[in-house]
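Each chain, letter by letter, is given below.
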Amino acid sequence: MKIIVRTGLAAAVAAGAVAAAVAPASAAIGAENARAAIRAHAVAANPKAIKPAAYNQARSILAKAGSQTAAKSHVVHGKDDVPVGYGTGLLAAARDEFRQTDRNLPSKQKKSDMSIPHYDAIHSAAKTMGIDSW
């Protein structure tokens, strides 16, 4: 009985050693493919800061499209740069506002859960500020 247990334990240890030796090699292959996939589908990072003129123009685009949040936000002046968080916050608030406003539209008239004009306004404002994700 002891021989069977010892043989089983030895086989388990040997299998574990083989798996440990093979796993890093296969993980490296997978990681290499993952890095290649990330490079192929990379999205440009948001800028660290936005110029006030770009922020104000994006704010204007969103306000004209009907965003009350953008209309109530303050015009930036007297600064060299605006933190990118201001721009992403403005875009996210307008997006949520537009989605809420357009929730009852037929799906044919919507893109990303908002009307196509609202969608276009959001993306135009984002492009104006150089923001890719919000």
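Cut-offs used in this document
- Residues numbered from 1 in each chain as written.
- Predicted model: local features only at pLDDT ≥ 70, side-chain atom pairs only at ≥ 80, totals over all residues.
- Heavy atoms only, no water.
- pLDDT = per-residue confidence, 0-100.
- Helix = DSSP H or I, 4+ residues; strand = E, 2+ residues; numbered from the N terminus.
- Contact = heavy atoms within 4.5 Å.
- Axes fitted to C-alpha atoms, helices over the stretch in contact; angles between N-to-C directions.
- Parallel < 35°, antiparallel > 145°, perpendicular 65-115°, else oblique.
- Nonpolar A, V, L, I, M, F, W, Y, C, P; charged D, E, K, R; others polar.
- Buried < 20%, exposed > 50% of the residue type's maximum accessible area, 1.4 Å probe, protein only.
- Lys, Arg positive; Asp, Glu negative; His and termini not counted.
- Salt bridge = Lys/Arg side-chain N within 4 Å of Asp/Glu carboxyl O.
- Polar contact = N/O pair within 3.5 Å; in protein donor to acceptor, adjacent residues only side chain to side chain.

A. Examining the confidence of the model for the protein chain more closely. When pLDDT is averaged along the protein chain, the result is 81, and 68% of the positions lie at 70 or above. Confidence, expressed as mean pLDDT per element, reaches its minimum in the protein chain at helix 1 (residues 2-40) with 50 and its maximum at helix 2 (residues 52-64) with 98. Scored below 50 in pLDDT, residues 22-41 shows zero contacts in the model against residues more than four places distant or in partner chains.

B. Highlighting the packing of helix 2 against helix 5 (residues 116-129). Relative orientation of the contacting elements helix 2 and helix 5 amounts to 175 degrees, with a least axis distance of 8 Å. Taken together, the axes of helix 2 and helix 5 lie roughly antiparallel to each other. Taken together, the residues of helix 5 that come into contact with helix 2 (itself represented by Ala 54, Tyr 55, Gln 57, Ala 58, Ile 61 and Leu 62) are Ala 121, Ile 122, Ser 124, Ala 125, Thr 128 and Met 129. When grouped by side-chain class, the residues that make up the contact of helix 2 with helix 5 number nine nonpolar, three polar and no charged.

C. Spotlight on the side chain of Arg 59. For Arg 59, the location among the structural elements is in helix 2. It is Glu 97 that comes nearest to the buried, bridge-free Arg 59 among opposite-charge side chains, at 12 Å. Looking at Arg 59, its side chain comes within polar contact range of the main-chain oxygen of Ala 71, at 3.4 Å. Residues in contact with Arg 59, not counting those within four places in the same chain, are Ala 70, Ala 71, Ser 73, His 74, Val 75 and Leu 90.

D. Molecular detail of unusual backbone geometry. Positive phi, normally seen in glycine, also occurs at Ser 112, with a value near 55 degrees. Secondary-structure assignment places Ser 112 in the loop between strand 3 (110-111) and strand 4 (114-115). Among the residues examined, Ser 112 registers a relative accessible area of 37% and is labelled partly exposed. Here the phi dihedral of Asp 113 falls at roughly 65 degrees; this positive angle occurs in a residue that is not glycine.

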